[in-house]
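# Structure at a glance
Take a look at the letters that make up each chain.
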Amino acid sequence: MNTSELVKEAKQGSTAAQKCLFDQFADKMLVVCQRYVKNPEDAEELLLDGFYKFFTKIASFTYQGDAALYAWLKRIMINECLMFLRAKNVFTIVTEATAEEIPLQEEALDNLSAEEIFKLIVQLPVGYRTVFNLYAVEGMNHGEIAEMLNVSEGTSRSQFSKAKVLLQKLLLQNDIKYVKRKSK
Amino acid sequence: MSNENPNNTPQWRSKLDELEHFPGTAFNSDVAWDKLYRRLQGKKKSKKMLWYWIAAACLLFGLVITLLNYHKATGEPANKEIVTKQYEPKELKKPSLKVEEVDKNKREKESVLELEKNIIVSTSNKSIQKSHHIVPAKVLTKIQLNDAVNYPQQELIAKSLQIVNRNSTATIIPPKKKLNVVHINELGEPVIETSDITRIADMHSFQLKFGNGEVISTSPIASKSSGLIILKTKPPSN
């Protein structure tokens, strides 16, 4: 049974179809949640919240391909994570007018595996990590991020700059380890 | 660094999207599904329960309205009965008994015929002294049933009927209207009313003396009550 049929049956309330959709997307969505929320238990809870919302609102969803379904589901998960973080009041960040312009060494990131990139992102503090995820991974601009996190655009920029600085430090450390590992 | 995100997706980002498992954590999708399933079922149940509650509330509401209507419908006659029992004077039955007595004295035809319209009850022992129109007892009871406000009037009638039975005469005394009686004493001396209203100051008497010694005097009269002056002549006192 393909995804389109699964969505159709899930709309009609089929538990089997819902289970199939859950099995198909749960792992990927858990990774998304854990990119925003470090604690695995919280991430799992948010995953369930996201799927609960997905299945309760699936009647309003029009299937336009697997990518659209994935994007919609991912958006639900991100919103759940942001709501969770907002509830924890982690976005009370002091606005910094001048943010340092530090280019992101994307080539360095390209040399790393997905798992290594993931581990690097998770090591960032929650404010940096959230802005980095939204800007660099999800592809949003600072205006959108500022609106979503209820902060100023300047704050979003400065948070991203700081995240990049920290990432480069971490990359350097990893690079050293990587060099060491290679030399061995 | 520009605000706009570059469209060209870097390699590391696509790598991150392809990542399906977070390294180092065990995720049991079956356990997670069980939790989710319970939540979804709970929601369905809560929806069902909500409908049950709504239905129960509607039923209760309907029941309450029905009961209220029932009480309204049955409540009024019950009240009427109570009023009748409370205010029904015992003496009301006696006029009919009186009529029976009259019947026994072989004056049925007269009495019954008159009772049907306006009962005229006459004395049984003596000759007919007075005849009064009274309302038949049946009509009275009807009035009592329908209208409890008329109670004082009915009581009055009942009391008068009681008197009738004691004296074995049917005398219902209608309230007499006192009329002012005016006595006109055409003969003799005029009566001067010395009512309380007439003050002494208002009483006047005067004498007229003529040149020949004749004196004309008036008896005291009330200036307000009378306009008649009677003059008396006296022979001159020499």
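Up top you'll find the structure we're talking about.
Remember, it's a predicted structure, so these values are computed and weren't measured experimentally.

Broken down by element type, chain A carries nine helices and zero strands. In sequence order, chain A lays out its α and β elements as α-α-α-α-α-α-α-α-α. Taken across its 184 residues, chain A has 35% of its residues classed as buried. Once local pairs closer than 6 in sequence are excluded, the contacts in chain A between residues at least 24 apart make up 66%.

Attention now moves to helix α3 (residues 40–56) of chain A. Given a rise of 1.5 Å per residue, 17 residues ought to cover 24 Å, and the 24 Å separating the end C-alpha atoms of α3 of chain A matches this to within 8%. All of the buried residues in α3 of chain A are Ala43, Glu44, Leu46, Leu47, Asp49, Gly50, Phe51, Phe54 and Phe55 of chain A.

So, on to unusual backbone geometry. For Asn150 of chain A, which is not glycine, the phi torsion reads 60° and is therefore positive. Following the sequence through the fold, Asn150 of chain A ends up in the loop between α8 (142–149) and α9 (153–183).

Residues Met29, Leu30, Cys33, Leu47, Met77 and Cys81 of chain A are the most contacted members of the largest nonpolar core, which totals 28 residues. Contributing elements (two or more residues each) for this core: α1 (3–11), α2 (15–36), α3 and α4 (66–87) of chain A. With 11 residues, α2 of chain A is the single largest residue contributor to this core. Among the nonpolar cores identified, the runner-up in size contains 18 residues, and Leu124, Val131 and Val151 of chain A together with Leu16 of chain B belong to it.

Moving on to the packing of α3 of chain A against α4 of chain A. All names here are of chain A. In the contact formed by α3 and α4, the axes pass within 9 Å of each other and the chain directions differ by 130°. Taken together, the axes of α3 and α4 lie oblique to each other. In this structure, the crossing between α3 and α4 has a hand that is right-handed. Of α4, the residues touching α3 (which contributes Asp42, Leu46, Leu47, Asp49, Gly50, Lys53 and Phe54) are Leu73, Ile76, Met77, Glu80, Cys81 and Phe84. Split by residue class, the contact of α3 with α4 holds eight nonpolar, one polar and four charged.

Each value, and the rule that gives it
- Residues numbered from 1 in each chain as written.
- Chains lettered and ligands numbered in written order.
- Predicted model: local features only at pLDDT ≥ 70, side-chain atom pairs only at ≥ 80, totals over all residues.
- Helix = DSSP H or I, 4+ residues; strand = E, 2+ residues; numbered from the N terminus.
- Buried ≥ 20, exposed ≤ 12 C-beta atoms within 10 Å, placed from the backbone.
- Contact = placed C-beta atoms within 7 Å.
- Expected span 1.5 Å × (residues − 1).
- Core = buried A, V, L, I, M, F, W, Y, C linked by C-beta atoms within 7 Å.
- Axes fitted to C-alpha atoms, helices over the stretch in contact; angles between N-to-C directions.
- Parallel < 35°, antiparallel > 145°, perpendicular 65-115°, else oblique.
- Left-handed = near helix turned anticlockwise from the far one by under 90°.
- Nonpolar A, V, L, I, M, F, W, Y, C, P; charged D, E, K, R; others polar.

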